[in-house]
Structures are given as structure tokens and as C-alpha cells.
Amino acid sequence: MVSGQVSHELEVEVSASQAWELYGTLGIARLVEQTFTDVIDKIEVEQGDGEQGTILKLTFAPGLPGPGWHKEKFTMVDNEKRVKEVHVIEGGYLELGFTLYLVRFEIKEAGTPSSCIIRTSIDYELKEEAAASASFVSIDLFANIAEVAKNHFLKNKE
């Protein structure tokens, strides 16, 4: 079994509660769908309303390497600690030999009440014979999503 974790942190000039209003709901999925049209063709809500148990189907833009879609489930949405965990449950990375692909979003208080840190991490495990698929794991998209969220907050602050 091969396993690992990658992560990214970005400080933004918005309160943790404001950031969580986007990340703790379906708002972040809508922002991603509108902004990353070169990566995401569409995001469909198959079940739920953004709370724990919500299932999304992401269809990736044509021409990208790897599987064309995956389903993910919000397995934890902790509004008090501002943590959301999302597991890929069908398609996508599972077709590449992964047994676990978990994205965790954490919104942490920063130095002042008007700033916070968006921390995103990916935990993964894959079968030994699929070890080469580990090269598909990248935090880059989530780092870009955090930057887009930061710009979204700044734009809506004005």
C-alpha cells in the first residue's frame, strides 16, 4: 500500500466565519464550476444540500488525462470546527487504483478577527501495483481554488 498527504495553506483577509459560509456549503462547488471551466465541465448535486452526506458528481472537461468523472461524498461537515471532509466514492481516482482519496478543507482563525487561513489537504492510499498513479495527486487545483476564493472575498468586501 502506498499512502501520502499533500497540503496547502493560504491566509485571506476575511473572517473565518465568512470563509466558512463559502467552504462549508455548496457555495465553493458553485464557484469552482463557474471559474474552472477548463477543468470542470459540470457539478451535479445527486443528494443533499451541502451538509454531511451530500453527494456530488463532477464531470471533468473533455481532453484531460485520467477518468472523466467522479462522485464525492461530504463525509464530515463540522460547522463548529470549520472542517469539511470529502471522499471520492466512485469513479475518478478509484479507477486509477486508489483505495482512499480524501480532501479536507479547514478554515482556521488567523492573527486578527478579520483574517483566516484556508488549509486544504489531500490524504490518499493506493494499491502497490498502482503506485505510478500517485503522480495524479496534486494540491495545485485546490491552491488555485483558494486563490479564487480569496479574490471572491475581496470582491464581495467592497
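Note: the structure precedes this text.
Residues numbered from 1 in each chain as written. Predicted model: local features only at pLDDT ≥ 70, side-chain atom pairs only at ≥ 80, totals over all residues. Heavy atoms only, no water.

A. Here's a closer look at helix H2 (residues 27-35). Those residues of H2 not exposed but buried are Ile-28, Ala-29, Leu-31 and Val-32. Projected down its long axis, H2 shows its buried positions confined to an angular sector of 160 degrees, all on one face. Summarising the contacts, the buried residues of H2 are in contact with helix H1 (16-23), strand E2 (40-47), strand E3 (55-60), strand E5 (83-91) and helix H3 (140-157). (Buried < 20%, exposed > 50% of the residue type's maximum accessible area, 1.4 Å probe, protein only. Helix = DSSP H or I, 4+ residues; strand = E, 2+ residues; numbered from the N terminus. Arc of directions from axis to C-beta. Contact = heavy atoms within 4.5 Å.)

B. Just the pairing of E5, in detail. Pairing between strand E4 (residues 69-78) and E5: eight bridges, direction antiparallel. In the strand pairing of E5, Phe-74 is matched with Val-86. With antiparallel pairing between neighbouring strands as the criterion, E4 and E5 make up a hairpin whose turn holds four residues, including Arg-82 at a positive phi of roughly 60 degrees. Bridging between E5 and strand E6 (residues 98-109) involves five bridges; their strand directions are antiparallel. Each residue of the ladder has a partner; that of Glu-85, found in E6, is Arg-104. Hairpin remark: E5 followed by E6, antiparallel, with six residues in the connecting loop; positive phi at Gly-92, about 50 degrees. (Pairing = 2+ DSSP bridges.)

C. Focus on the side chain of Glu-85. Relative to the helices and strands, Glu-85 is located in strand E5. Exposure remark for Glu-85: the relative accessible area of 15% places this residue in the buried category. Each residue touching Glu-85, except ones within four places of it in the same chain, is listed here: Lys-73, Phe-74, Thr-75, Met-76, Leu-102, Val-103 and Arg-104.

D. A look at unusual backbone geometry. The backbone of Arg-82 shows a phi angle near 60 degrees, a positive value even though the residue is not glycine. Relative to the elements of secondary structure, Arg-82 occurs in the loop between E4 and E5.

E. Spotlight on the sheet that holds strand E1 (residues 2-12). Strand order in the open sheet formed by seven strands is E1-E7-E6-E5-E4-E3-E2, with antiparallel pairing between adjacent strands. Whereas interior strands pair on both sides, the edge strands pair on one side only; in this sheet they are E1 and E2. Pairwise comparison of adjacent strand axes, ignoring direction, gives a mean angle of 20 degrees for this sheet. Lying over the sheet, H2 contacts E2, E3 and E5, oriented at roughly 155 degrees with respect to E2. In the packing of H3 onto the sheet, the strands contacted are E1, E6 and strand E7 (116-126), and the crossing angle to E1 comes to about 20 degrees. (Axes fitted to C-alpha atoms, helices over the stretch in contact; angles between N-to-C directions.)

F. Inspection of H3 at higher detail. Between the first and last C-alpha of H3 there are 26 Å, a value that for 18 residues agrees with the 26 Å anticipated at 1.5 Å per step. Burial in H3 covers these residues: Phe-142, Ala-143, Ile-145, Ala-146, Ala-149 and Phe-153. Down the axis of H3, the smallest arc covering the buried residues is 155 degrees, so these residues share one side. Of the residues in H3, the exposed ones pointing more than 90 degrees away from the buried face are Asp-140 and Lys-155. Among the structural elements, E1, H1, H2, E6 and E7 are those in contact with the buried residues of H3. (Expected span 1.5 Å × (residues − 1).)

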